[in-house]
Amino acid sequence: MSRIVLSLLVAAAGRAGFILALGLVLVWAGGAAAQPTQPGASASRETGFDTSKQWRIEQPAKNHIRLIGEVEARRGDITFTADLIESFTDTHEVVATGSPGRPVVFTQGGQWIAAERVEFNTETQLGTFHEAYGSFTLASEPKRSMHGGQEPDVLFNGRKIEKVGPRKYRITDGAFTTCLQPTPRWNVSAGTLVLNLDRYAFLRGAVLRAKGLPVLYLPFLYYPINDEDRATGFLMPSYGTSTYRGFTLSNAFFWAIGRSHDATFLHDWFAKRGQGMGTEYRYVGPRGAGGDLRFYTLRERESTLTSNGVETLLPKRTSYELNGSINQPLGGSWTARGNVDYFSDIEVQQTYHTNIYDASRSQRSVNAGLSGTLGQLTVNATYRRSEYFSGRSNTTVVGGAPQVQITRGEKPLFGLPVYFGVTGEYANLQREYHRTSGVTDSNLSRLDVTPTLRFPFTQLRWLTVNTSLAFRETWWSRSRVAGTNEFVDDGISRRYAQLSTRLVGPVLNRVFDTHGFGYAERLKHTIEPFVDIRRVTSVDNFDEIIQNDGTDSVVGGTTSITYGVNNRLLAKRRGGEGPSSPREFVTVGLSQTYYSDSRASQYDRSYSTSYSGLPPSKRSPVSLTARVSPTQEVNGSLRMEYDDRAKKVRSLSASWQYAASGWLNLAGGYSQRRVIDYAESTVTETKYRLDNSINLSTTLRSPGNRIGGSYTFNYDIDRSNLLNSRAIVYYNAQCCGFALEYQTVSYGLSSPIDKDNRFNFSFTLAGLGTFSNFFGALGGGGAR
């Protein structure tokens, strides 16, 4: 009777260590030929084989052993299941073969592969799988997500799969997907595919298929496959077409540099105009530190554009755009900050950008600042430079380089209810006018010191009085020749005192019981009349002061009185299961200012129309402000300035918003600005200086964000012109999705065309990030 023992072959390798191999050793106790047998429980414990499987053993040669039947062999975390396993003990090779409907199954540490035939080296634990398919799990506790995050498994298949490392495979004529549906909604196939488990998949000649249809070919593809939220790799490209740019292809590569910073590299190809390249860098640091920086350069080639039957020659040009912000604590109380929003060509800025705010922006700026404390002093140093465009070539530059302000906060004097504070400022102010005829400037240096005494009176609950007395002295390095626009390098100084008093009250309150009204338990109405009185002593050289900002535009010898009333409605509402809490849901304010010197009306920054070239007036416009917010989901605001002389609304702006539990968001706005010319007996309106527009935006999402979209439009009422109409729709399946965008833009006079129609498309895959290109295509879509 023969006795068969299956064991692990452990071969000594000298003092260097041991080599472990999965082998089969037959030990005969007699007899010339092995008979089919099934090992008992003791043999199973020695070998690790599952004794519940039915198999038999054959030995065709000395170093060649066969296991035939339902064979399952295990060693550590490696398991083979096959109909036939052949072991070559001299070369440490194992060949496993399956049968129709019963493939060889290989498992190891979350890796699972089924194949028709397997060649495996038990010493190196590397091998080749023929006509195979398999999967692996990204992590022991994977983070599952509905869409946009990594799925827990990766499925792959190939004509030949070679295991070339502990967790690395080379696949020939194969494909992979992270979609775990019974029929995957997408896959990527390639002639050569390298899978580095928990790290990446690299493909050459990659074809993306959705629902079995090819939708994208890429010469190569780097696809991150790990259980982290951020991984280095290429992002899904987006496609588009435009009247002005033609067919558009946008690509990006994301570099996860570390846990706290990353970079994205962008490339756009425009069939009609050329191509652009850019990069974005982001970082987050301790104590609120962080920043981002984006740079993009666009190289346009010469081309011809036909619009409304008219051909326009578009020039060859190179432009760039730079924007970003930074906030960096420096230690102690000191913090550095900065932001830049700069473009080299305003026509490119307004022609390419998708977002209506960026497309209509005519200002570029650079700002930097340093702030902190020195004892009881607060120091704020800034650099500011802003340039405003009026057409393509006419600009106005304003700023301060540098501007340093030192403030000592208010402190009580001698224990009395009298507070003293002082503010000083040094500024090197910049104001330049760049015109086609040349450049003029009113650049100068300014030193300003203002000590202040404040006397508050708050003894009465229904009446508050705050009085302050300030002394101000200012020096400028340049001045203006009175009655002209000529600037000279002669210094000038100014000194004045200002007495201000603000009275609020008497404050009237009344509480109403709602008697079961559903909105609130109680309502409270508050009426707050107020009066601000300000007296400025005479300034004899006002006409010689160059006007740059509010510090310069103080009209002396003037008394101004601002009077008005604020109305507030508060509701005591019960929030969920908690106690009732008051909510201010309606606020309405009405005010106007009287000036003893009518010139002061032209420099009052409390009113938005003061600097619009209106003639002097003893009275300001009537200002109306209102805010309504009955719930957290609904809010609205209104601001209006009414000219009581012309009986016309000078400016009006209104906005509202409604948000419903994250699935619906509606927002809208209306703005009107009218410049009024005053003649001796009539009031006329200058049509071309009117601003009368409306805007609307809406976003809709299904539960779970599976389907959604957004729509925005901006309409110029006076010119009957639809400035912008933009619609985005998206669909997110469990492991893939897509987004579509259509936009119509009407340009202003600075653009070579009057209208641009744009269409953009993006396909999304689970685990592979998407992006919005530098100009904002598909920005705001839920699939981003």
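To be clear, the structure that these remarks concern was listed above.
Residues numbered from 1 in each chain as written. Predicted model: local features only at pLDDT ≥ 70, side-chain atom pairs only at ≥ 80, totals over all residues. Heavy atoms only, no water.

S.K.: Account for the overall build of the protein chain, naming residues and giving values.
M.R.: Summing up its helical and strand segments, the protein chain has three helices and 49 strands in all. Burial statistics for the protein chain: of 784 residues in total, 41% are counted as buried. In the protein chain, the proportion of contacts linking residues at least 24 apart, taken out of those at least 6 apart, comes to 48%. Summed over its atoms, the accessible surface of the protein chain is roughly 40000 Å², and 55% of this surface lies on carbon and sulfur atoms. (Helix = DSSP H or I, 4+ residues; strand = E, 2+ residues; numbered from the N terminus. Buried < 20%, exposed > 50% of the residue type's maximum accessible area, 1.4 Å probe, protein only. Contact = heavy atoms within 4.5 Å. Areas by Shrake-Rupley, 256 points an atom, 1.4 Å probe, with all protein chains shown as cover.)

S.K.: Explain the side chain of T562 to me, and be specific about the residues and the numbers.
M.R.: Within the secondary structure, T562 sits in strand β37 (residues 558–574). Judged by relative accessible area, T562 falls into the buried class, the value being 18%. Of note is the side chain of T562, whose polar atom sits 2.8 Å from the side chain of T593. (Polar contact = N/O pair within 3.5 Å; in protein donor to acceptor, adjacent residues only side chain to side chain.)

S.K.: Report on the pairing of strand β10 (residues 153–165), specifying residues and quantitative values.
M.R.: Looking at chain direction, strand β9 (residues 126–137) and β10 are connected through 10 bridges and run antiparallel. In the strand pairing of β10, A132 is matched with G158. Examined bridge by bridge, β10 and strand β11 (residues 168–177) share nine bridges and lie antiparallel to one another. Among the inter-strand pairings, I161 is bridged to a residue of β11, identified as I171. Counting the residues that bridge the hairpin from β10 to β11 gives two residues. (Pairing = 2+ DSSP bridges.)

S.K.: Talk me through unusual backbone geometry; I want residue IDs and the actual numbers.
M.R.: In this structure, P402 follows A401 across a cis peptide bond, with omega equal to -5°. Structurally, the position occupied by P402 is in strand β27 (residues 394–412). A cis amide bond links G505 with the next residue in sequence, P506, at an omega value of 0°. Looking at the secondary structure, you find P506 in the loop between β34 (492–504) and β35 (508–513). The backbone phi angle of D173 is positive, close to 50°, even though this residue is not glycine. Along the chain, D173 falls in strand β11.

S.K.: An account of the environment of F420 is requested, with residue identities and associated values reported.
M.R.: Within the secondary structure, F420 is located in strand β28 (residues 419–435). For F420, a relative accessible area of 27% puts it in the partly exposed group. A C-alpha to C-alpha distance of 8.7 Å links F420 and R408, two positions 12 residues apart in sequence. With residues up to four places along the chain from it excluded, the contact list for F420 reads R408, G409, E410, K411, L413, P451, T452 and L453.

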